[in-house]
Amino acid sequence: MGCASSIHISDRVVYQSGKESDDSQQTNTTPAPGLLIKPNAIKNTFTQVQFGPMRLYEDHLEVLLVFAKEDSQNNGFCWACEKANFRCNVARTPEAALECFQEKHHDLVIIDHRHSRYFDAESLCRYVTLLYQPDREEASVMPLINAGFNRRYVENANMMACYNELLQLEHGEVLAQFKLRACNAIFTALEQSQEAIEITNEDQVIQYVNPAYESIMGYQQGELIGKEIIEVPKSEKNKPDLLETINSCIRKGKEWQGIYYAKKKNGDILFTSYVSIKYSGDERVQAESQTDIQSSKHKDRRKGSLDVRSTTSRGSDGSSQRRHSSMARIHSMTIEAPITKVINIINAAQESSPMPVAEALDRVLEILRTTELYSPQLGTKEEDPHTNDLVGGLMTDGLRRLSGNEYIFATKQPHLPSHLAMPLSLNDIPPHVAQTMENEDSWDFDIFNLETACLKRPLTYLGLKIFSRFGVCEFLSCPEATLRSWLQGIEANYHSTNSYHNSSHAADVLHATAYFLCKERVKQSLEQIDEVASLIAATVHDVDHPGRTNSFLCNAGSELAILYNDTAVLESHHAALAFQITTRDDKCNIFKNMERNEYRTLRQAIIDMVLATEMTKHFEHVNKFVNNINKPLAALEENGESVKGILTSPDNRILVKRMLIKCADISNPCRPLELCIEWAGRISEEYFAQTDEEKRQSLPVVMPVFDRNTCSIPKSQISFIDYFITDMFDAWDAFADLPNLMQHLDNNFKYWKGLDERKLHSLRPPPE
Ligand code: AMP
Ligand code: ZN
């Protein structure tokens with residue numbers, strides 16, 4: 001009902017959400033554990049009253065005697081009050097009585113009605129009253145009841161008679177009033193509840209609905225009260241005998257829980273409910289809590305609402321509580337996403353499952369509810385610090401440890417190369433540079449030769465060659481000069497001072513991308529627009545990379561982290577900056593001549609691929625690829641059926657492109673050994689530089705194992721391959737058939753293992 005944690009009811013009423021206490025009435029001086037109590041509610045001594053699951057604390061009764069003058073009857077009540085330990089005030093005039101009452105709000109007012117010449121008792125009557133009226137027993141009490149009196153007391157000054165009268169009042173009228181106040185508090189809570197609640201009698205006649213119910217179901221309270229419960233035709237969703245099942249269950253005093261369908265006012269939307277129905281007290285009433293899974297109206301309000309069972313199912317065992325909580329939580333998801341359908345199917349299966357199965361399904365539901373569906377659970381830090389640091393460094397946004405120390409990574413204006421106007425076309429490529437690119441279509445192509453030959457600007461040269469091979473200019477209807485300026489503009493915005501994330505890495509990823517695009521399966525799956533998007537995405541995917549990880553930027557409070565809300569900071573920046581550079585200047589706008597819709601599609605694909613390089617989503621992308629592509633392909637091939645549908649569906653093409661750029665991005669462990677070692681040295685150096693800077697700036701050290709004084713590079717590579725590379729390339733190889741890459745990966749892994757077994761920390765063994 002959502003009230004347990006937040007509702008304060010009144011000074012003297014406490015809601016107990018735990019087990020019901022057996023003792024119905026007791027005097028106590030300390031509050032029971034687990035109660036919600038307003039601190040000033042419990043005075044030194046008080047009466048404790050159990051009312052359903054509520055425990056009410058009543059302070060000493062306050063009695064007001066309105067007697068015009070002191071006499072034996074007046075004194076009889078005064079003594080009786082003292083004996084009963086009630087607080088007593090005496091007023092001699094109606095004015096004094098009113099003033100006193102307004103201040104103290106007495107539980108009981110006793111008015112002397114014997115001498116009407118002193119004051120008019122009827123007009124003074126308030127709240128609980130006792131009439132004192134001698135010698136007129138024969139007269140009807142009706143006028144007095146009409147005036148608001150509850151009881152008539154015939155003159156009797158005997159102290160015990162007064163005392164007994166007071167006790168009867170305390171345990172009758174006053175107690176009833178006290179419980180009624182608690183009822184009002186409960187209804188106030190129901191009114192505030194964000195769960196829809198409906199109370200009916202056993203004939204299904206609605207007695208109460210709360211505002212959440214009105215709003216979810218689309219009815220006004222007036223349209224429902226006194227009417228029969230709105231039932232969905234039996235044929236629609238509810239089992240035919242559902243209401244009978246519920247009734248027979250609650251008739252036996254048991255609680256019924258399950259899925260229930262009701263119809264909204266607009267008729268066409270079914271309202272799926274999780275219902276908890278139970279008798280309440282002596283009255284045969286049933287209460288149900290409903291949560292609309294199809295209307296989003298209540299989405300925000302319902303956030304944080306608690307389990308209705310906390311108030312309706314006391315005494316149930318813990319596992320059933322858990323089942324209900326997961327149901328309630330899942331039902332508060334408002335979108336009909338595929339995952340919602342899966343969850344609903346599981347919910348329905350739980351209904352008819354034995355408890356062990358239902359509990360196992362509960363655990364499944366818990367997992368399905370998380371967003372980290374694809375991230376494996378890691379062992380403890382002690383078990384594998386290298387993996388732990390890599391995962392922490394690459395897969396989090398640095399939220400683990402925050403520092404007040406601010407490192408500002410300035411977002412600067414994109415860099416414009418001075419040599420932009422330099423005449424350069426494929427024909428202008430210097431022969432020695434051209435020579436290094438001769439085998440650029442081979443996996444064993446040596447990017448570092450090209451890097452040296454072209455003075456660390458390999459992206460433009462390799463880009464020109466590869467883009468030309470794939471007919472990119474023709475596809476974009478763009479002159480080669482524009483492509484050249486664009487490549488130069490993009491390359492100029494890579495930081496040549498980074499040891500790893502420089503334009504050679506971009507050129508390497510472009511090379512791997514082009515290589516993968518030539519694989520038969522990839523060609524069958526992708527269209528030319530996908531190929532063009534892939535080549536452009538690879539070229540720009542790390543543009544303006546600062547040589548620091550996302551975690552670092554978040555910890556440092558960099559401008560970029562603030563701009564992108566600590567979420568996919570670098571990847572968002574690479575994609576956004578790439579389009580800024582491209583579209584700001586017509587001279588390098590390769591998209592300028594594209595038809596608007598085609599441009600939108602291409603842009604979308606490029607952005608999606610660049611964002612897919614974010615490592616926090618690594619396992620999501622790999623698993624989606626395996627589940628949606630690898631597995632169905634294997635099944636179809638086994639049966640000799642056509643795989644075209646799987647390969648070319650728009651959704652799967654997106655998954656193929658994501659996997660393609662991811663594999664290209666971290667393909668360095670699959671390169672020939674010498675290249676692999678060089679990349680490992682470069683990435684390690686970049687991580688070391690980050691650790692150095694973190695220490696210098698007193699920032700949290702994101703990957704402590706990457707400390708240049710202590711790091712074991714072989715261990716870090718073994719962890720990186722084990723954790724990120726092996727499974728991904730197994731899947732990619734199964735799809736694209738890459739035996740040479742797998743062979744290199746195997747060799748390289750053995751190489752790192754060999755060094756590690758010799759306890760070497762360096763990239764290479766020392767010279768013999
Ligand atoms: P990107 O920044 O787009 O290149 O994403 C790839 C991530 O993998 C980067 O964070 C790199 O630091 C990381 N990475 C790539 N190669 C290696 C490697 N050999 N060892 C450790 N981390 C690597
Ligand atoms: Zn990269």
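Check the entry above for the structure.
Bear in mind the structure is a predicted one, so any value in this text is a computation, not a measurement.

About the criteria used
Residues numbered from 1 in each chain as written. Chains lettered and ligands numbered in written order. Predicted model: local features only at pLDDT ≥ 70, side-chain atom pairs only at ≥ 80, totals over all residues. Heavy atoms only, no water. Axes fitted to C-alpha atoms, helices over the stretch in contact; angles between N-to-C directions. Helix = DSSP H or I, 4+ residues; strand = E, 2+ residues; numbered from the N terminus. Contact = heavy atoms within 4.5 Å. Donors = N, O, S within 2.8 Å, 3.2 Å for Na, K, Ca; no water. Tetrahedral: all angles 85-135°; square planar, octahedral: opposite > 155°, others 65-115°. Buried < 20%, exposed > 50% of the residue type's maximum accessible area, 1.4 Å probe, protein only. Core = buried A, V, L, I, M, F, W, Y, C linked by side-chain atoms within 4.5 Å. Expected span 1.5 Å × (residues − 1). 1 Å grid on protein atoms, 1.4 Å probe; cavity = no way out; pocket = protein on both sides within 12 Å on 5 of 7 lines; lining within 4 Å. Points joined across faces, edges and corners; volume = space filled by probe spheres on them. Nonpolar A, V, L, I, M, F, W, Y, C, P; charged D, E, K, R; others polar. Near = heavy atom within 4 Å. Polar contact = N/O pair within 3.5 Å; in protein donor to acceptor, adjacent residues only side chain to side chain. Areas by Shrake-Rupley, 256 points an atom, 1.4 Å probe, with all protein chains shown as cover. Salt bridge = Lys/Arg side-chain N within 4 Å of Asp/Glu carboxyl O.

Colleague: Quick one: what's the story with the packing of helix α19 (residues 480–492) against helix α22 (residues 528–540), residue by residue and with numbers?
Modeller: Taken N-terminus to C-terminus, the directions of α19 and α22 make an angle of 35 degrees; their axes are 10 Å apart at the nearest point. Contacts from W486, L487 and I490 of α19 reach α22 at I536, T539 and V540.

Colleague: Could you give me a rundown of the coordination of the zinc ion (ligand 2), with the residues and numbers involved?
Modeller: The zinc ion (ligand 2) binds to the protein through H505 (NE2), H541 (NE2), D542 (OD) and D665 (OD), with metal-donor distances spanning 2.1 to 2.2 Å. Given six donor atoms and angles of 62 to 170 degrees at the metal, the environment of the zinc ion (ligand 2) is assigned as irregular. Counting residues between consecutive donors of the zinc ion (ligand 2) along the chain gives the motif H-x35-H-D-x122-D. Highlighted residues: H505 in helix α20 (residues 503–517) and D665 in helix α29 (residues 650–665), separated in sequence by 160 residues. Using a relative accessible area of 11% as the deciding quantity, one classes D665 as buried.

Colleague: Any details on the nonpolar core? Residues and values, ideally.
Modeller: Judged by nonpolar contacts, the single largest core of 122 residues is most densely connected at L476, F516, F724, F729 and W732. Here the element with the most residues in this core is helix α31 (residues 713–736); it accounts for 13 residues. The residues contacting L476, other than those within four sequence positions of it, are V532, I536, I590, F591, N593, M594 and L602. Core analysis: the next-biggest nonpolar cluster, separate from the first, contains 18 residues, F77, C81, L108 and Y153 among them.

Colleague: I'd like a description of α19, backed by residues and values.
Modeller: Across its 13 residues, α19 extends 18 Å between first and last C-alpha, which sits within 8% of the 18 Å expected from 1.5 Å per residue. Burial within α19 is extensive, with eleven of its 13 residues counted as buried. When α19 is considered as a whole, its buried residues turn out to be T482, L483, R484, S485, W486, L487, Q488, G489, I490, E491 and A492. Buried residues in α19 make contact with α17 (458–469), α18 (472–476), α20, α22 and α25 (569–584).

Colleague: With reference to specific residues and values, describe empty space enclosed by the protein.
Modeller: Evaluation of the coordinates by the stated rule reveals five cavities of 30 Å³ or more. Volume-wise, the largest cavity comes out at about 470 Å³. In terms of lining, the largest cavity is formed by 33 residues, of which the most central are L394, H501, M615, I683 and Y687. It is helix α30 (residues 673–696) that provides the largest number of residues to the lining of the largest cavity, a total of four residues. Split into classes, the residues belonging to the lining of the largest cavity amount to ten nonpolar, 16 polar and seven charged.

Colleague: Give me the site of ligand 1: which residues, what numbers.
Modeller: Close contacts around ligand 1 come from 15 residues, with H501, D665, N668, Y687 and Q717 the closest. Contact distances for ligand 1 include 3.1 Å between an oxygen atom and a side-chain N or O atom of D542. One nitrogen or oxygen atom from the side chain of Q717 is found 2.9 Å from a nitrogen atom belonging to ligand 1. When ligand 1 sits alone it has 480 Å² of accessible area, and the protein chains cover 96% of it.

Colleague: Before we move on, can you summarise unusual backbone geometry with the specific residues and values?
Modeller: For residues other than glycine, phi is negative in most cases, and the peptide bonds are mostly trans. A positive phi angle, close to 65 degrees, is found at N85, a residue other than glycine. When you line up the elements, N85 lands in the loop between α1 (72–84) and β6 (87–91). Of note in the backbone geometry, S698 takes a positive phi value of approximately 55 degrees without being a glycine. Within the secondary structure, S698 is located in the loop between α30 and α31. For S698, a relative accessible area of 53% puts it in the exposed group.

Colleague: Before we move on, can you summarise the pattern of salt bridges with the specific residues and values?
Modeller: Where charged atoms from two side chains of opposite charge approach closely, those side chains can pair. This structure, assessed with the given rule, holds 19 salt bridges. Note that R708 and E685 form a salt bridge whose closest N and O atoms lie 3.1 Å from each other. Remark: E685 occurs in helix α30 and R708 occurs in the loop between α30 and α31; sequence separation between them is 23 residues. What you see here is one network of salt bridges that share partners, running through E527, D530, R653 and K657.

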